[in-house]
Amino acid sequence: MKGLYSALMCSFDEQGQVNEQGLREIIRHNIDVSKVDGLYVNGSTGENFLISTDQKKQIFNIVKDEAGHDVKLIAQIGALNIDEAVELGQFATELGYDAISAVTPFYYKFDFEEVKDYYTTILEHVDNDFIIYSIPALTGVNMNLEQFGELFNHEKVIGVKFTAPDFFLLERIRHAYPDKLIYSGFDEMLLSASVLNVDGAIGSTFNVNGQRAKQIFQLAQSGQIDEAREVQKVTNDLIGEILDNGLYQTIKEILKHKGVDAGTCRKPMKSLTDDGVLRAKQMAEKYL
Ligand code: MN9
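For the structure given in this document, a descriptive report is provided here. This one's a predicted model, so the numbers in the text were calculated from it and none came from an experiment.

What follows is about the overall build of the protein chain. The helix and strand tally for the protein chain stands at 12 helices and eight strands. Against the globule reference of 19 Å for 288 residues, the protein chain gives a C-alpha radius of gyration of 18 Å, in line with a compact fold. Projecting the C-alpha coordinates of the protein chain onto the three principal axes gives extents of approximately 50 × 45 × 35 Å. Sorting the 288 residues of the protein chain into buried and exposed places 56% on the buried side. Look at the contacts in the protein chain between residues 6 or more apart in sequence, and 70% of them connect residues 24 or more apart.

Once that is clear, we can look at the site of the ligand. Around the ligand, 16 residues are found, and the nearest of them are Lys161, Asp187, Glu188, Ser204 and Tyr248. Between Lys161 and the ligand, the recorded distance is 2.8 Å, taken from a side-chain N or O atom to an oxygen atom. Between the ligand and the protein, one listed contact pairs an oxygen atom with a side-chain N or O atom of Glu188 at 2.6 Å. When the ligand is considered free in solution it has 380 Å² of accessible area, and contact with the protein chains removes 93% of it. The set of elements that each furnish at least two residues to the shell around the ligand consists of β8 (200–203) and α11 (247–257). Across the shell around the ligand, the residue classes tally to eight nonpolar, five polar and three charged.

With that settled, the discussion passes to the pattern of salt bridges. One pass over the full model with this rule turns up 20 salt bridges. Between Arg172 and Glu171 there is a salt bridge, and its shortest N-O distance comes to 2.7 Å. The class of Arg172 is partly exposed, set by a relative accessible area of 34%. Judged by its relative accessible area of 26%, Glu171 falls in the partly exposed class. Connected through shared salt-bridge partners, Glu20, Arg24, Arg28, Asp32, Asp65, Glu66 and Asp70 make up one network.

Here β8 shows no split at all, with Gly200 and Ile202 on one side and Ala201 and Gly203 on the other all buried. As defined by bridge partners, strand β1 (residues 3–7) adjoins β8 across four bridges and the pair is classed as parallel. Residue Leu4 lies in a different strand from β8, and its bridge partner there is Ala201. Bridge count for strand β7 (residues 181–184) against β8 is two bridges, and the pairing is parallel. Considered in β8, the bridge of Tyr183 is made with Gly200. Since β7 and β8 lie parallel, the crossover through helix α8 (residues 190–195) that links them has a hand, and here it is right-handed.

Now for the nonpolar core. Counting residues in hydrophobic clusters, the biggest one holds 92 residues, and the most contacted among them are Ile27, Leu39, Val63, Ile77, Ile122, Phe130 and Ile132. Element by element, the count of residues in this core is highest for helix α9 (residues 206–221), at seven residues. When neighbours within four sequence positions are excluded, Leu39 is seen to be in contact with Tyr5, Ser6, Leu8, Ile27, Asn30, Val63, Ala67, Val71, Lys72, Leu73 and Ile74.

What follows is about α11. When you tally the buried positions in α11, you get eight out of 11 residues, the bulk of the element. Where α11 is concerned, the buried positions are Tyr248, Gln249, Thr250, Ile251, Lys252, Glu253, Ile254 and Leu255. The positive-phi residue at the C-terminal boundary of α11 is Gly259, with phi of around 85°.

The strands making up a sheet are joined through hydrogen bonds of the backbone, oriented either antiparallel or parallel. Within the closed barrel, the eight strands sit side by side as β1-β2-β3-β4-β5-β6-β7-β8. Their pairing is parallel. Within this sheet the neighbouring strands show an average axis-to-axis angle of 25°, counted without direction. With four bridges joining them, strand β6 (residues 157–162) and β7 adopt parallel strand pairing. Pairing of Gly159 across the sheet is with Leu181, part of β7. Against the sheet, helix α4 (residues 112–125) touches β4 (99–103), β5 (130–134) and β6, its axis set at about 155° to β4.

Definitions and cut-offs
- Residues numbered from 1 in each chain as written.
- Predicted model: local features only at pLDDT ≥ 70, side-chain atom pairs only at ≥ 80, totals over all residues.
- Heavy atoms only, no water.
- Helix = DSSP H or I, 4+ residues; strand = E, 2+ residues; numbered from the N terminus.
- Rg over C-alpha atoms; globule rule 2.2 N^0.38 Å.
- Buried < 20%, exposed > 50% of the residue type's maximum accessible area, 1.4 Å probe, protein only.
- Contact = heavy atoms within 4.5 Å.
- Near = heavy atom within 4 Å.
- Polar contact = N/O pair within 3.5 Å; in protein donor to acceptor, adjacent residues only side chain to side chain.
- Areas by Shrake-Rupley, 256 points an atom, 1.4 Å probe, with all protein chains shown as cover.
- Nonpolar A, V, L, I, M, F, W, Y, C, P; charged D, E, K, R; others polar.
- Salt bridge = Lys/Arg side-chain N within 4 Å of Asp/Glu carboxyl O.
- Pairing = 2+ DSSP bridges.
- Right-handed = clockwise from strand over helix to strand, strands pointing away.
- Core = buried A, V, L, I, M, F, W, Y, C linked by side-chain atoms within 4.5 Å.
- Axes fitted to C-alpha atoms, helices over the stretch in contact; angles between N-to-C directions.

Here it is as structure tokens:
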């Protein structure tokens with residue numbers, strides 16, 4: 001399960017429905033052009049928190065059908081409604097997903113006991129390997145080393161998607177749990193995380209910039225830090241422009257310039273202006 005995973009984008013039409021053909025094209029682009037090792041399905045980048053349970057299942061189905069056994073598949077099933085999380089976890093497991101993952105419960109200020117109970121419930125009802133999804137900037141849930149350790153105690157928990165700029169905590173987790181998988185979640189910090197010996201990464205920008213991400217990861221693993229820094233520099237020039245123009249909208253627009261029908265984003269995410277579309281085109285031409 002090590003390696004680089006795209007946080008898979010989903011193509012939606014103007015009515016907000018899943019554009020199946022477009023989604024299939026995004027999947028193929030990730031496997032054949034970005035050359036990632038796996039796909040992380042229905043995460044933040046997949047606009048998971050903006051869609052219905054049926055749409056989540058539809059996406060799990062299409063991805064499994066298109067990707068088959070070409071790459072590893074991780075299903076993000078976390079939801080505030082714990083029954084939905086369990087249902088989706090069982091659904092993806094039956095489809096043959098290699099692992100499931102769930103974001104920490106958000107919105108309400110859950111304490112750690114409640115967060116642990118949420119994970120325990122999912123783990124009790126779903127028979128699959130499990131990856132914690134920690135993204136404090138969006139969820140407000142900050143866990144410390146001991147709390148990660150408590151969750152890691154469960155044998156089904158194989159690792160964590162660590163989307164935070166806290167390299168002190170990342171190093172402590174790496175040191176304390178050498179056998180758990182740590183996936184770096186911020187693409188602009190991939191080199192720094194790789195130096196700390198993470199096992200892989202999961203990222204939105206890999207949908208278009210996967211080959212550079214792989215280079216950074218591999219160069220760091222072989223100790224070629226100067227070379228890796230150069231690739232991270234170009235990557236961050238691109239990510240800086242993407243973030244400035246609108247993260248998911250811009251990645252979709254870049255995909256369109258690559259001939260992939262990436263569709264639009266779900267409301268209330270806004271569309272790019274004409275100028276934003278132009279800037280995305282320029283990024284595609286300059287960097288990819
Ligand atoms: O899955 C992604 N996180 C979110 C990870 O989209 C919230 C990252 O890949 C970021 O999009 C990326 C840009 O900040 O690093």
